[in-house]
Amino acid sequence: MSSSTDPIPEVPLVQLLAPSGERMTDPQHSFDGDRAEIEALYRDLVMTRRVDTEAYALQRHGELGLWPPALGQEAAQIGSARALRDHDFAFPTYRDHGVAWCRGVDPTLLLGIFRGADLGGWDPADHGLALPNIIIGAQTLHATGYAMALSLEGLVGTGDPDRDSAVIAYFGDGATSQGDVSEALDWAAVHQSPVVFFCENNHYAISVPVASQTRVPIVQRAAGFGLPGVRVDGNDVLACLAVTRRALQRARDGEGPTLIEAVTYRMGAHTTSDDPSRYRDAAEVDGWKAKDPLDRVRRLLVAEGTTDQFFADLEDEADALGLRLRTACQQIPEPDLAELFDHVFVESTVENRQQQAEHVAWRDSIEGSVVAS
Amino acid sequence: MNEFALPDVGEGLTEAEIIGWRVAVGDTVEVNDVIVEIETAKSLVELPSPYAGVVRTLHAAEGDTVEVGRPIITIGDGAPASGGAAEAPRPESQPHPETERQPMLVGYGPGAEQLVRRRRMAPPSVASVDLEKVKPTRRPLAKPPVRKLAKDLGVDLSEVVATGEVVTRADVEAHAAARQPAEPTPALAPSPTTPDDETRIPIKGVRKWTAEAMVRSAFTAPHVTEWVTVDVSRTMELVARLKGDRAFADVRVSPTLIAAKAICLAMRRTPELNARWDDEAQEIVVKRSVNLGIAAATERGLVVPNVVGADRLSLVDLAAAIGELTATAREGRTQPAQMSGGTFTLTNIGVFGIDAGTPILNPGESGILALGSIERRPWVDDHDQVVPRWVTTLALSFDHRVVDGEQGSRFLADVAAVLRDPAMALTF
């Protein structure tokens, strides 16, 4: 009898860049950018990793309540998000710091929500990026709804590249067990909505391995819902970019949704609150370390003649960003809880205002400055 | 001068244990250099330094449990201040005045938070003054149905002695039962709080795991224990000779090593000892290779990592593998995978000066051998002369469902034969 720990059958991956730094070919996908474009992608990867490791350290300093590390998943995030155009819209998870980077969100704005100081630091409309969703998988429904609206407003399949738009929904392997994700896939397929479902399969839902989550490769679910599925090496930024570009273009052209499974690995903990050594072997982690998404791009660039100066300058830029994050984190103002009431309704109600007044009266009755908690 | 207060690294933790300092007073540190390893209820965590500078003071010693929000290290500029006594780690950090709490830091203790909330200035009533005087007591932990039960029974939860960290239904019922007969004469009522002459230690971590494993093993596998006392002088000679051998220069050679080898050899003739009882499948599973567990006493308790494929290793490789396993165990870094899949266990109780015992099987295994202390004892030799010899006692426990007395005895006799005369190894 088979058990839940049986390995999931293997499905071929789209790969364009091997861990050794050598280019690979795929019958349907290619990356045609020049060295400058690869250098730009490498900068995205390095800066995302610095944001992530710096924020992780800030949690250990006691400056953040929590941080979900993206370590190891940078290529999946950068490759997919760099395939987006300005007027496309992304619905991220709480781990997609690299997606926020690509959408032009200042990294210091990622910190407030994890410091308990705000409810998300940017206006989604300014960046084409929703605020991170904490409810597992719920954003796939939001994305599908947004994509439906694009169709209804005639922003899909017109043939005008400045008009046609698409949506991308990010989620993890664990989220595929949520009903929300199945509903979103089904609805999007039935309505041929312009949405790309981008699953970052990082192999663990906190401590639950993906083999306990599904009996088939995640990409195979696409067939059941009636949409195309692509499985891509999630640590290969060139492949992720190529695959997502193609899927987004299908969506913009009115050809419907695509499911992309990016096979990657969460190198760190689920969040700063858990200890992955309790549920997985060091040998498994070491195996993935050899497939690091940054190392392979660096090898490629070195082979293609990128100068040492480029890498040194990038290191300096990352150091400066690290310092800026530390400083900015400590300068985040203490939140005024009374402001919470301002965000309940677009147009406030009498009851809401009354509750706000009661809170303010209570707050003012307390001596000295109040700890925000 | 910067003080670093212990942060809450895991959403709602209240304390952590200092496992090891990575810096000493006088060391220069950069931002994000690892300064200390701590263990919380959830995990081992390395803390990076938020400050650059010279370490002035360590406020807690290794092994101390520190409350979240208390300072653990002071980092300043320039050379450390003189005066050794003041620099020494204090066993318990000093209470940190509320006013010095750095509002920027997220680490908050629940106690501190209550104080802030209670300091109300209006209306200036008697009640608020009383609240100032009230010693902030921590609300006892209990699940809602238990709180309801306590309320129904008229029990004050703060008076209930919890058997664990959380007050259970049984605790409340026991408290209520103990209280009832005493009610008419309150003076004779038993003290509801923990007496001064006992310490209550929550059962958790390695202790809890060990307890569960021992109970499972002792009450499912019928244990038989056999002893044999043996002259191991020749093994001691071999150990001395190997210690001088260049090939063994980098590994630890000990009687434990020879015993481990003897077990692997004896297993060839009696593979029943390398088997396990699979109750679910109603099968006896005989393993083809020996994953030899080595019981190691560590600061956190007993751990039994195993050497995978010990029977296929040369003596020097076996020595290296055992050395690495025990070192990892002592550092508290044994991976869960290293403790699973064992097929037989060797435990050296001799290091504690003990002759013999009745070891309990590691669950899932059918044999465990205890090596007693090796001492000079009078021994009758082949010429009826009493001579001083190195003598030890071997004790073998086996699962009688899998192993009969005949096989168990043969296995033990084989191990003893190799230790009595290592040349007998040639016969296996």
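Per an unreviewed UniProt entry, chain B goes by Dihydrolipoamide acetyltransferase component of pyruvate dehydrogenase complex and derives from Aeromicrobium endophyticum. The record in UniProt for chain B states the following under Sequence similarities (unreviewed entry): "Belongs to the 2-oxoacid dehydrogenase family." A UniProt comment under Cofactor (unreviewed entry) is attached to chain B, and it reads "(R)-lipoate".

Going by an unreviewed UniProt entry, chain A carries the name Pyruvate dehydrogenase (Acetyl-transferring) E1 component subunit alpha and comes from Aeromicrobium endophyticum. In its Cofactor (unreviewed entry) section, the UniProt entry covering chain A states "thiamine diphosphate".

S.K.: Help me understand the packing of helix α4 (residues 144-153) of chain B against helix α5 (residues 169-179) of chain B in this model?
M.R.: Axis angle and axis distance: for two packed helices, these are the angle between their axes and the distance between the axes, and together they describe the pair. Residue and element names in this part refer to chain B. Remark: α4 packs on α5, axes separated minimally by 9 Å, with the N-to-C direction vectors making an angle of 15°. As judged from the angle between their axes, α4 and α5 are roughly parallel. Crossing of α4 against α5: the hand is right-handed. Listed contacts from α5 to Pro145, Val146, Leu149, Ala150 and Leu153 of α4 are Arg169, Val172, Glu173, Ala176 and Arg179. Tallied by class, residues from the contact of α4 with α5 come to seven nonpolar, no polar and three charged.

S.K.: Which parts of the structure should I look at to understand the pattern of salt bridges?
M.R.: Between side chains of opposite charge, a pair can form as their charged atoms come close. All names here are of chain A. Counting across every chain of the model gives 33 salt bridges over all chains. The partner of Glu317 in a salt bridge is Arg43, with the nearest N and O atoms 2.7 Å apart. Here the residue Glu317 occupies a position in helix α12 (residues 308-330), and Arg43 occupies one in helix α1 (residues 35-60), the gap between them amounting to 274 residues. Residue classification places Glu317 among the partly exposed positions, given a relative accessible area of 30%. Since its relative accessible area comes to 30%, Arg43 is described here as partly exposed. For Asp336, the salt bridge goes to Arg363, with nearest N and O atoms at 2.8 Å. One end of the pair, Asp336, is in the loop between α12 and α13 (350-364); the other, Arg363, is in helix α13, with 27 residues separating them in the sequence. If you follow the salt bridges from partner to partner, you end up with Glu10, Arg231 and Glu261 in one network.

S.K.: Could you clarify how one ought to interpret the UniProt feature "domain: Peripheral subunit-binding (PSBD)" (unreviewed entry) in chain B in this entry?
M.R.: Under the present numbering, the feature "domain: Peripheral subunit-binding (PSBD)" (unreviewed entry) in UniProt falls on residues 141-176 of chain B. End-to-end, the C-alpha atoms of residues 141-176 of chain B are 18 Å apart, and along that stretch the chain is 50% helix and 0% strand.

S.K.: Quick question: what am I supposed to make of the side chain of A:Asn133 here?
M.R.: All names here are of chain A. You can see Asn133 is positioned in the loop between α5 (124-127) and α6 (138-152). The exposure class of Asn133 is buried, given its relative accessible area of 12%. At a separation of 3.4 Å, a polar atom in the side chain of Asn133 contacts the side chain of His142. Apart from residues lying up to four places away in sequence, Asn133 is in contact with Pro92, Thr93, Tyr94, Ala138, Gln139 and His142.

What counts, and where the lines are drawn
Residues numbered from 1 in each chain as written. Chains lettered and ligands numbered in written order. Predicted model: local features only at pLDDT ≥ 70, side-chain atom pairs only at ≥ 80, totals over all residues. Heavy atoms only, no water. UniProt positions renumbered as here; feature names shortened; annotations may be inferred. Axes fitted to C-alpha atoms, helices over the stretch in contact; angles between N-to-C directions. Helix = DSSP H or I, 4+ residues; strand = E, 2+ residues; numbered from the N terminus. Parallel < 35°, antiparallel > 145°, perpendicular 65-115°, else oblique. Left-handed = near helix turned anticlockwise from the far one by under 90°. Contact = heavy atoms within 4.5 Å. Nonpolar A, V, L, I, M, F, W, Y, C, P; charged D, E, K, R; others polar. Salt bridge = Lys/Arg side-chain N within 4 Å of Asp/Glu carboxyl O. Buried < 20%, exposed > 50% of the residue type's maximum accessible area, 1.4 Å probe, protein only. Polar contact = N/O pair within 3.5 Å; in protein donor to acceptor, adjacent residues only side chain to side chain.

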